[in-house]
Every structure is written in structure tokens, then in C-alpha cells.
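Architecture and fold: a report
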Amino acid sequence: MRQLPLDFMAQTADELKVDYKAKKLSALRLFSLLLIGFLRNNDMSQRKICEQSSSIWLDEFLQIDIGATPLSHSSIAERLSSINPKYFAQIYDEILMRAQRIIDPTDLEDSNIIRIDTTLVAETSAKLSEGINTGVNNRFGGQKKHIKYGMAYDGFSAVLEKVFTKQTASSEEIALRDTVIATAENESEPGRVFVFDRGTTGYNTLCYIKDICIQKNCHFVSRLKLGRIYHIEQSNITVGTILKDDEFEVIEDNMAFLNRPPKSSYGKERFRIIRVKFIKPRPKTLPSAKRRRYESEMLLITDDFESDVLDIVHMYKKRWSIEVFYKFLKQNLSFSHLLSTSKNGIEVMLYMTLIAAVLLKLYAISNGIGPTLAQSRMVIQLENWIYTHPLPQICPNGHDATKSLEIPPD
């Protein structure tokens, strides 16, 4: 944490003028309070941040002068709603770039595969001025407004992030599509593989993504609904050949054309469509769990016509790691709780959450442990540092609280 780019942060604050008219809560102080709050609290809140705002050890620990003036939770809320989120976005990009320089590529999980997905977060107090109404029953949120996040994950951290608050983003054909397209358009390294779920499967969308991949010298692997209609041009499997491993068996591997409206015609763009059967039986759906369905097969689509078919299937399997990443953010870094109900504050907390995640991942990799255990150990080391570096605690009356009390004589 002492290797944070403090000079870059101060320079960025001056360039963006984020501290204009800020008296008690500078951008650097807000950053420090939020970062320590993420590490020390699994359930972040504005009041908890305010409680630690008077901790004078923060200056000594980060070796910066940010002051220890007590704050009110309204000050935190107001600052989050007004501060420029680009400040935190640029800090995240800088920290991520520095982290990627010092990480051994062998410690990363297939960084050439970019997993793309979205996730919903509900605001329990219904104070969002703009949000998404999912329209489901009370068991799953009722009329509460939601925020949808879209991310592209490379096995270490998010390389692209988006926030959706408009009702139209309730459809994955819009939210996931925009996230995939933005990721592909921003990609600068050839050979990447963009992997995403069947939330966006429109013909025009897939054609557009394919065109971008051709320009970037990349590929994509996605999933279609099992009932999707397509026209087979050529089969890649020789009759009598069995392609399978311990997890999957390839039933079909075809060069095919997808249907497009009207259903009687097919598009001109050719794709590779793979039908796969799971070797291990999938769990059966219980009568009460109507929303959960397990299928014994899956239908994949890709623009990669050269790779081995089982390699493509396992590329798609690696998409699941972004679900694990979302779970870590929500359970360990309070990502499922909105610290601010303004869109500005939501963007700030998104980048702060990702910054904390990068630091935890770095610590986890360097110590050979998981990120959840890394958070616990970092908190222990942080508390040990505070214990071994006692600082004078000033009482309201001005006396030094660290001095031993003298017991008056009888």
C-alpha cells in the first residue's frame, strides 16, 4: 500500500481540479478512507468511514499529510456525489498498469481470454433517482431499483467496466452487447478471445462483433439457445469420429449460417456452431426451484474456424471465473451495497472497489493464498502495525490519552 502512486494521484487531482473548494475532505483523503474501509470492513457504510476519519494513524501509515478532522456522513455523501469519477478511474488504470508489470504471467489464469458479463445490484432503500426495475416478484426484489454493472475480466482484474442505470439496460441484448462491443473496440493486443454468455445473441450484434474481431485479429466464443435455428453448410467431424474428454462430448461441429428475420432466410455471415453434451449428469431441477434449469447440452458459436473444437469448449468454460470474481467483490468488498445513491458516487465506488481488489490480488499472488484469506491477513498486519506504532491519541480536552493515569494517593 505504501507503493501507491501518490505523486501520480496528487498530479491527477491538480489536473482535474477535484479539490476545488474542498476544505476538510480532499480527494486523497477520501481515497485513503475508502481504501482502508474496504480492507477493514466487509459491510461498508458512510458512518463507518466517518468513524475512522479521526484516526491520526492514517497519515503515518501512508506517509502523507491528510489530516484527522472528524467528518459527518453527510460530508461523505455530498463529496461522493460531486467529485469527478475520472480521478478514480485514472488512478485505477495506473495501479492496474503497474500491477501487470510486476506480475509473473504464469500466475495469471489465461489472460488472453477476456471474460465478459454483467451483474445486478439492488438498492435496498429505494433511494436511487435513476435505476432499473426488473419487474420480478417480491421474492426477487419486487419494485426495487437496480444498478447493472458490465465488466471484462482477464483473470486478474477488470480491464473494462461500465455502469447501466437506464431501464433499457434491463435487457442483456443491450447491456451485455454494449459491454462486449466496448471491450472489443478498446482491445489493442491481437490474439485475445472474448468469451460471453447467451444474453446477447442477435444476428446483427454477432455480425458486428465478428467484424470488430477481424479488425483486431481476435476471436469470440459465445453461447446460443439450444433451439436456435441455423443452416449447416459443412460438418467438421468425420463420420465415426468421437471427440470427447472427461467433461464434454462434441456432438456437432459445423460451419453454418444463422437465421435472421424473416425466419425463412439465412444471413450471409458464416459462423462455427458447436453442440456439446455434458459427460457428467447435470443436477435436476427441483419442483420449487422454477427459476433454475440445468441443460444436458449447450450450443456454442464462434468466429474461430482454426482452433481445436475441445479447446474452444474449454475457452467458454473459463467464462465462469468472472462469476467467481463478482462473488468476491460482493461478499468481501461490499459491492452489493451502494454506498452512494447518485450515479456519480456509484462510479466512484466502482473504481474504488476494483482498486481494493487489485491490491488484494497482488497480496494473494505474492503470498500464494486466495484473495479472501489475503484480506484477513492484510487486516491483521494493518492492526499489528497500528499496535507497534503507537501515536498520541488526543482527547477532546486536549490531554494526551496515551499517558498512563496516575492513581491519586489514599
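Residues numbered from 1 in each chain as written. Predicted model: local features only at pLDDT ≥ 70, side-chain atom pairs only at ≥ 80, totals over all residues. Heavy atoms only, no water.

Taken as a whole, the protein shows an average pLDDT of 84; of its residues, 86% reach a score of 70 or greater. Low pLDDT (under 50) marks residues 394-408, which in the prediction has nine contacts with non-local residues, meaning those over four places away or in another chain. (pLDDT = per-residue confidence, 0-100. Contact = heavy atoms within 4.5 Å.)

Let us now look at the packing of helix H2 (residues 27-40) against helix H11 (residues 343-367). Any two packed helices are characterised by the angle at which their axes cross and by the distance between the axes. Contact geometry for H2 and H11: axes closest at 10 Å, N-to-C directions at 55 degrees. Looking at the two axes, H2 sits oblique to H11. By crossing handedness, the relation of H2 to H11 is classed as right-handed. Here Phe-31, Leu-34, Leu-35, Phe-38 and Leu-39 of H2 lie close against H11, whose contacting residues are Met-349, Met-352, Thr-353, Ile-355, Ala-356, Leu-359 and Leu-360. (Axes fitted to C-alpha atoms, helices over the stretch in contact; angles between N-to-C directions. Helix = DSSP H or I, 4+ residues; strand = E, 2+ residues; numbered from the N terminus. Parallel < 35°, antiparallel > 145°, perpendicular 65-115°, else oblique. Left-handed = near helix turned anticlockwise from the far one by under 90°.)

So, on to the packing of helix H1 (residues 6-16) against helix H6 (residues 85-102). Axis separation between H1 and H6 bottoms out at 10 Å; the angle between their running directions is 150 degrees. Comparing the axis directions of H1 and H6 gives the class roughly antiparallel. Relative to H6, H1 is oriented so that their crossing is right-handed. The residues of H6 that touch H1, namely those facing Phe-8, Met-9, Thr-12, Ala-13 and Leu-16, are Lys-86, Tyr-87, Gln-90, Ile-91, Glu-94 and Arg-98.

The topology assignment puts Tyr-92 in helix H6. You can call Tyr-92 buried: its relative accessible area is 1%. Spatially, the C-alpha atoms of Tyr-92 and Ala-158 are 9.9 Å apart, while their sequence positions differ by 66 residues. If we skip the residues at most four places from it in the chain, Tyr-92 touches Ser-157, Ala-158, Glu-161, Tyr-351, Leu-354, Ile-355 and Val-358. (Buried < 20%, exposed > 50% of the residue type's maximum accessible area, 1.4 Å probe, protein only.)

What follows concerns the pattern of salt bridges. Scanning the entire structure with this criterion turns up 15 salt bridges. Arg-79 is the salt-bridge partner of Asp-19, the closest N and O atoms lying 3.1 Å from each other. With a gap of 60 residues between them, Asp-19 in the loop between H1 and H2 and Arg-79 in helix H5 (residues 73-82) connect regions that are remote in the sequence. According to the relative accessible area criterion, Arg-79 is buried, its value standing at 11%. Put simply, Lys-317 and Glu-247 hold a salt bridge, and the shortest N to O gap is 2.6 Å. Placement of the pair is Lys-317 in helix H9 (residues 309-317) and Glu-247 in the loop between strand S8 (243-244) and strand S9 (248-260), with a sequence separation of 70 residues. Lys-317 gets classed as partly exposed once you look at its relative accessible area, which sits at 39%. The class for Glu-247 is partly exposed, based on a relative accessible area of 29%. Members of the salt-bridge network, linked through shared partners, are Asp-117, Arg-319 and Glu-323. (Salt bridge = Lys/Arg side-chain N within 4 Å of Asp/Glu carboxyl O.)

This part is about H5. When H5 is considered as a whole, its buried residues turn out to be Ile-76, Arg-79 and Leu-80. The buried side chains of H5 occupy one side of the element, clustering within an arc of 100 degrees when seen end-on. In this structure, H5 carries Glu-78 and Ser-82 as exposed residues pointing more than 90 degrees from its buried face. (Arc of directions from axis to C-beta.)

Turning to the packing of aromatic side chains, a few remarks are in order. Tallying each qualifying case throughout the model produces seven aromatic pairs. Relative to Phe-325, the ring of Tyr-153 lies with its centre 4.4 Å away and its plane at 20 degrees, an arrangement referred to as stacked. Here Tyr-153, found in strand S3 (residues 145-153), pairs with Phe-325, found in helix H10 (residues 320-332); they are 172 residues apart in sequence, far enough to count as distant. Comparing Tyr-153 with Phe-325, the two get one shared label, buried. The ring of Phe-271 has Lys-210 lying over it, and the distance from NZ or CZ to the ring centre is 5.1 Å. Positioned above the aromatic ring of Phe-305, the side-chain terminus of Arg-270 is 5.3 Å from the ring centre. (Phe/Tyr/Trp six-rings, centres within 6.5 Å; stacked < 30°, edge-to-face > 60°. Lys NZ or Arg CZ within 6 Å of the ring centre and 35° of its normal.)

Okay, the side chain of Thr-353 next. Within the secondary structure, Thr-353 is located in helix H11. Excluding anything up to four places from it in sequence, Thr-353 contacts Phe-38, Leu-329, Leu-333 and Phe-335.

All right, on to the pairing of strand S5 (residues 193-196) then. What you see with S5 is no split at all: Val-193 and Val-195 on one side and Phe-194 and Phe-196 on the other are buried throughout. In this sheet, S5 lies alongside strand S1 (residues 113-122) in parallel orientation, the contact comprising four bridges. Bridge pairing links Arg-115 to Val-195 in S5. Bridging between S5 and strand S6 (residues 219-224) involves three bridges; their strand directions are parallel. Its bridge partner being in S6, Phe-194 is matched across the sheet by Phe-220. Read as a crossover between parallel neighbours, the route from S5 over helix H8 (residues 203-216) to S6 is right-handed. (Pairing = 2+ DSSP bridges. Right-handed = clockwise from strand over helix to strand, strands pointing away.)

Here helix H12 (residues 371-388) is 18 residues long and its end C-alpha atoms lie 25 Å apart, about the 26 Å a rise of 1.5 Å per residue gives. Buried residues of H12: Ala-374, Gln-375, Met-378, Val-379, Leu-382 and Trp-385, and no others. Projection of H12 onto a plane perpendicular to its axis shows the buried side chains occupying an angular sector of 135 degrees, all on one side. Along H12, exposed side chains directed more than 90 degrees from the buried face belong to Tyr-387 and Thr-388. In the core, the buried residues of H12 are packed alongside H2, helix H4 (57-62), H10 and H11. (Expected span 1.5 Å × (residues − 1).)

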